[in-house]
Structure formats: structure tokens, C-alpha cells
Amino acid sequence: MSESNANSRLEAFCDGVFAFALTLLIIDIRIPDSVPINTTDELWLALKNIGPSIYTFLLSFFIIAITWHNHQLTLRLVNKTSAAFIYANVLLLLTIVFIPFPTRVLGKYLFTDHAAPAMVLFAAANMVQPIGWILIGKVTLLPKARRPQKP
């Protein structure tokens, strides 16, 4: 069975990874069962208390969505993948699936005395992503003369 797009399996896999990471962002956002909700005011207070988690969810959602869009555009430029491209892409995907963890930590500690380490973790996680992009660019844009030859 021939495919019109040689990278369609890779694209489908990557789309699944992005979808999984986006889903992980929202899973832990909920009002704790230990919080009693007997009045409307208690519900508003409980919603206010999860506000930082919702804020960090939205921030990370858009970071991942923008990355997904850029990834889609990049894959359109690639005619045929190589092992080096796959490994660089896997590194990029690793940075994506890691984002929900620092997002959860930042959402929990954003407006507390412990916000600084949470913000450093969040920023560090997002600062690693460009390494994946740089590697993808290097292996995609290598001139043919420098590409390893097949035996």
C-alpha cells in the first residue's frame, strides 16, 4: 500500500503525542473532594482556589498548540525522514510530554512562597524545547554533500 505522504505515520504518531500531552494538562485540574461545597459562595471560592492551575493550563495549552502547529509546518517541508531526524523529533516530543509536570507544579505553587522554584522548573522545561528544534533544523537542512552515505 503506497502512501501519498511518506511521513504520514510519523505525523500521526506525533499528533498522538501532542494530543496526549494536551490531555495530561487538564487531568489534575479539579476541585479537591475534601473541599465541602454546600453554598454558591463555597463553590466560587473553590473555583478561585484552582485559578492558578487553570491559568497555567491555558499557558501550557497554547505553548503546546503553537508547537504542534510549527511541527506540522515543519513536517510539510520534509520529503523523507532519516534516523537523525527521527531522534531529533523524539527529543522535541519528549519536551512536549514533560510540560504537564512543571505546569502542575507551577499551578499548585504559583501564588505561594514556593513560586520561585516552580517557575524555574517551568521555565527550564520550556527552555529545553529549542534544542529539539535546533537539532531538527540541523538534520533537515544538512546539505546533501554532508549527509552520511548509505552503504
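Model, not experiment: these values are computed from the prediction.

The next point concerns the overall build of the chain. Counting its regular elements, the chain contains six helices and zero strands. Counting from the amino terminus, helix and strand elements in the chain follow one another as α-α-α-α-α-α. Buried positions account for 30% of the 151 residues belonging to the chain. In the chain, the share of contacts with a sequence separation of at least 24, taken over all contacts with a separation of at least 6, comes to 76%. With the model as given, the accessible surface of the chain reaches about 10200 Å², and the carbon-plus-sulfur share is 67%.

Attention shifts here to the side chain of Gln129. You can see Gln129 is positioned in helix α6 (residues 115-140). Judged by its relative accessible area of 9%, Gln129 falls in the buried class. Those residues in contact with Gln129 that lie beyond four places of it in its chain are Thr67, Leu92, Thr95, Ile96 and Ile99.

Turning our attention to α6. The terminal C-alpha atoms of α6 lie 39 Å apart, and with 26 residues this matches the ideal 38 Å at 1.5 Å per residue to within 8%. Within α6, burial applies to Ala115, Ala118, Phe122, Ala125, Asn126, Gln129, Gly132 and Ile136.

Now for helix α4 (residues 83-98). Its 16 residues give α4 an end-to-end C-alpha distance of 23 Å, which sits within 8% of 22 Å, the value for a rise of 1.5 Å per residue. Among all positions of α4, only Phe85, Ala88, Asn89, Leu92, Leu93, Thr95 and Ile96 are buried. Buried residues along α4 cover an arc of 155 degrees about the axis, so they all sit on one side. Exposed residues lying more than 90 degrees from the buried face of α4 are Ala83 and Tyr87. In this structure, the buried residues of α4 make contact with α1 (8-27), α3 (51-77), α5 (100-109) and α6.

A volume near 360 Å³ is recorded for the second largest pocket. Residue lining of the second largest pocket: 16 residues in total, with Asp28, Ser53, Arg104, Gly107 and Lys108 positioned closest to the centre. Those elements that place two or more of their residues in the lining of the second largest pocket are α1, α3 and α5. For the lining of the second largest pocket, the element with the most residues is α5, which contributes five residues. Taken together, the residues that form the lining of the second largest pocket break down as seven nonpolar, five polar and four charged.

Rules used in this analysis
Residues numbered from 1 in each chain as written. Predicted model: local features only at pLDDT ≥ 70, side-chain atom pairs only at ≥ 80, totals over all residues. Heavy atoms only, no water. Helix = DSSP H or I, 4+ residues; strand = E, 2+ residues; numbered from the N terminus. Buried < 20%, exposed > 50% of the residue type's maximum accessible area, 1.4 Å probe, protein only. Contact = heavy atoms within 4.5 Å. Areas by Shrake-Rupley, 256 points an atom, 1.4 Å probe, with all protein chains shown as cover. Expected span 1.5 Å × (residues − 1). Arc of directions from axis to C-beta. 1 Å grid on protein atoms, 1.4 Å probe; cavity = no way out; pocket = protein on both sides within 12 Å on 5 of 7 lines; lining within 4 Å. Points joined across faces, edges and corners; volume = space filled by probe spheres on them. Nonpolar A, V, L, I, M, F, W, Y, C, P; charged D, E, K, R; others polar.

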